[in-house]
Amino acid sequence: QADIAMYHAKQAGRDNYQIFNQEMMTKSVRQFNFEQEMKKALQVDDQIHMVYQSKVDNNKAVTGLEALIRWHHPVEGLISPAEFIPLAEESNLIINIDRKVIKVVLQQLNQWQQEGFSLYPVSINLSGKHLVSDDLISFVQEQLNTYQIDGSLIEFEITEGVLLTDIERSIEAMTALKSLDITLSVDDFGTGYSSLNYLKRLPIDVLKIDRSFVDECANTIEDGQICATVINLAQNLGLEAVAEGVETAEQWQFLASKGCEIFQGYYFNKPMSAEDTELKLLSKQN
Ligand code: C2E
Ligand code: MG
Ligand code: MG
Ligand code: MG
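Residues numbered from 1 in each chain as written. Chains lettered and ligands numbered in written order. Predicted model: local features only at pLDDT ≥ 70, side-chain atom pairs only at ≥ 80, totals over all residues. Heavy atoms only, no water.

Visitor: What is the right way to look at the site of ligand 1 in this model?
Guide: Among the 22 residues in the neighbourhood of ligand 1, the closest are listed as R70, D187, R211, E247 and Y266. Within the side chain of E66, a nitrogen or oxygen atom sits 3.1 Å from an oxygen atom of ligand 1. Within the side chain of D187, one N or O atom sits 2.9 Å away from an oxygen atom of ligand 1. In isolation ligand 1 exposes 800 Å². Once the protein is present, 85% of that is buried. Of all the secondary structure elements, the ones that give two or more residues to the shell around ligand 1 are strand 1 (48–56), strand 2 (62–73), helix 3 (81–89), helix 4 (93–114) and strand 6 (183–189). (Near = heavy atom within 4 Å. Polar contact = N/O pair within 3.5 Å; in protein donor to acceptor, adjacent residues only side chain to side chain. Areas by Shrake-Rupley, 256 points an atom, 1.4 Å probe, with all protein chains shown as cover. Helix = DSSP H or I, 4+ residues; strand = E, 2+ residues; numbered from the N terminus.)

Right under this line is the structure:
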């Protein structure tokens with residue numbers, strides 16, 4: 001056995017072995033740094049901010065916004081949430097991040113309200129860990145009160161996968177959020193494994209068709225049919241279908257022809273800063 005192992009080690013070569021080790025080490029060092037750096041970022045005010053991307057209807061009229069987190073690290077520069085959210089989800093840090101995001105968004109809405117802007121509903125991405133955490137409901141209620149924001153202006157997007165890890169607890173938490181008038185959507189729909197039976201039991205309002213299907217919907221028959229099926233499913237269950245990641249007029253037209261009514265993607269607007277959102281998307285009440 002030992003001889004065979006030695007043989008394989010030699011075959012793999014010394015350099016490979018070292019690279020492997022170095023990668024392992026970089027990863028754990030990074031993870032360690034990540035937690036420290038993120039904790040710091042959550043305390044100071046200038047590293048984390050939110051950008052907002054519009055959701056539009058068939059006439060390109062804005063119907064809502066999605067808040068997306070941005071982390072500007074002083075040394076690393078801009079770090080994508082696609083990179084750090086999965087890391088944060090491995091620890092309880094994700095709950096701190098989610099709570100910071102909720103505060104920042106509600107504070108922003110409060111400010112816009114005071115400045116006389118009409119508000120659109122804003123979607124906030126919620127991690128599964130946060131959804132099933134003990135005091136989510138009291139935290140959200142307290143924040144809504146503090147910033148004087150109606151629950152009907154808030155939507156939580158929850159990815160499909162996390163809903164299934166603890167289905168009973170998820171239903172309970174979601175039902176409580178519904179009692180605050182909050183809208184609930186399943187994000188990245190089609191990438192998880194939800195059975196239709198679970199879907200029926202969850203108190204959800206919206207299905208967001210994952211970008212991976214939208215990408216090729218106008219060019220690949222299968223992807224087009226998957227999109228059409230999800231749109232039908234939403235309609236049949238009395239839910240709203242939202243197509244995410246729409247980048248071309250062809251995709252938009254295809255999805256609209258299948259009955260989709262709400263769209264989000266670079267074709268309409270990229271995520272933008274709060275200042276740009278105010279300038280380009282919001283209008284003053286009078
Ligand atoms: P998501 O919630 O599915 O958000 C959509 C992602 O697609 C965003 O990436 C958005 O910028 C990007 N996107 C929008 N339109 C297009 C398009 O037309 N083409 C392409 N290629 N991309 C488009 P982003 O901001 O990098 O966020 C990535 C993911 O990170 C989000 O996916 C969400 O799961 C997570 N995330 C972002 N912000 C937060 C947050 O505040 N809290 C939590 N828990 N997760 C967040
Ligand atoms: Mg989302
Ligand atoms: Mg999504
Ligand atoms: Mg997605």
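After that view, the rundown keeps rolling.
Visitor: Teacher, can you tell me more about the coordination of the magnesium ion (ligand 3) here?
Guide: Reference values for coordination geometry: four tetrahedral donors around a metal ideally subtend 109.5 degrees, six octahedral donors ideally subtend 90 or 180 degrees. With distances of 1.9 to 2.7 Å, the protein atoms coordinating the magnesium ion (ligand 3) are D187 (OD), D188 (OD) and E244 (OE). Mapped onto the polypeptide sequence, the residues donating to the magnesium ion (ligand 3) form the spacing pattern D-D-x55-E. The metal-metal distance between the magnesium ion (ligand 3) and the magnesium ion (ligand 2) is 3.7 Å, with D187 coordinating both. Of this pair, D187 sits in strand 6 while E244 is found in the loop between strand 8 (240–243) and helix 12 (249–257), placing the two residues 57 residues apart along the sequence. In this pair, the class of D187 matches that of E244, namely buried. (Donors = N, O, S within 2.8 Å, 3.2 Å for Na, K, Ca; no water. Buried < 20%, exposed > 50% of the residue type's maximum accessible area, 1.4 Å probe, protein only.)

Visitor: I'm lost on the confidence of the model for the chain in this one. Help?
Guide: On average, residues of the chain carry a pLDDT of 89, and 88% of them reach 70 or more. Confidence over residues 1–20 falls short of pLDDT 50; this stretch has zero contacts with residues more than four positions distant or in other chains. Among the prediction metrics, the complex's ipTM stands at 0.98, with pTM recorded as 0.90. (pLDDT = per-residue confidence, 0-100. Contact = heavy atoms within 4.5 Å.)

Visitor: Is there a simple way to explain the pairing of strand 4 (residues 122–125) in this structure?
Guide: Across a regular strand the side chains alternate sides, sitting on one face of the sheet and then on the other. In this structure, strand 2 lies alongside strand 4, joined through three bridges in parallel fashion. Counterpart to A67 in the pairing with strand 4 is I124. By the bridge criterion, four bridges tie strand 4 to strand 5 (residues 154–159) in an arrangement that is parallel. Pairing of N125 across the sheet is with E157, part of strand 5. (Pairing = 2+ DSSP bridges.)

Visitor: What exactly am I supposed to notice about the pattern of salt bridges here?
Guide: Side chains that differ in charge, positive against negative, can pair when their charged atoms come close. Counted by the stated rule, this structure contains nine salt bridges. Residues K55 and E157 are paired through a salt bridge, measuring 3.3 Å at the closest nitrogen-oxygen approach. You can see K55 sitting in strand 1 and its partner E157 sitting in strand 5, a full 102 residues away along the chain. Judged by relative accessible area, which is 1%, E157 ranks as buried. Taken together, the salt bridges that share partners define one network made up of K55, E66, E155, E157 and K208. (Salt bridge = Lys/Arg side-chain N within 4 Å of Asp/Glu carboxyl O.)

Visitor: Looking at this model, I keep getting lost on unusual backbone geometry. Mind explaining?
Guide: Note: most peptide bonds trans; most residues except glycine with negative phi. In this structure, Q148 is a non-glycine residue whose phi angle is positive, near 55 degrees. Mapping Q148 onto the fold places it in the loop between helix 6 (136–147) and strand 5. A relative accessible area of 59% places Q148 in the exposed class. Even without glycine at this site, D181 takes up a positive phi of about 75 degrees. In this structure D181 comes out as partly exposed when scored by relative accessible area, which is 48%.

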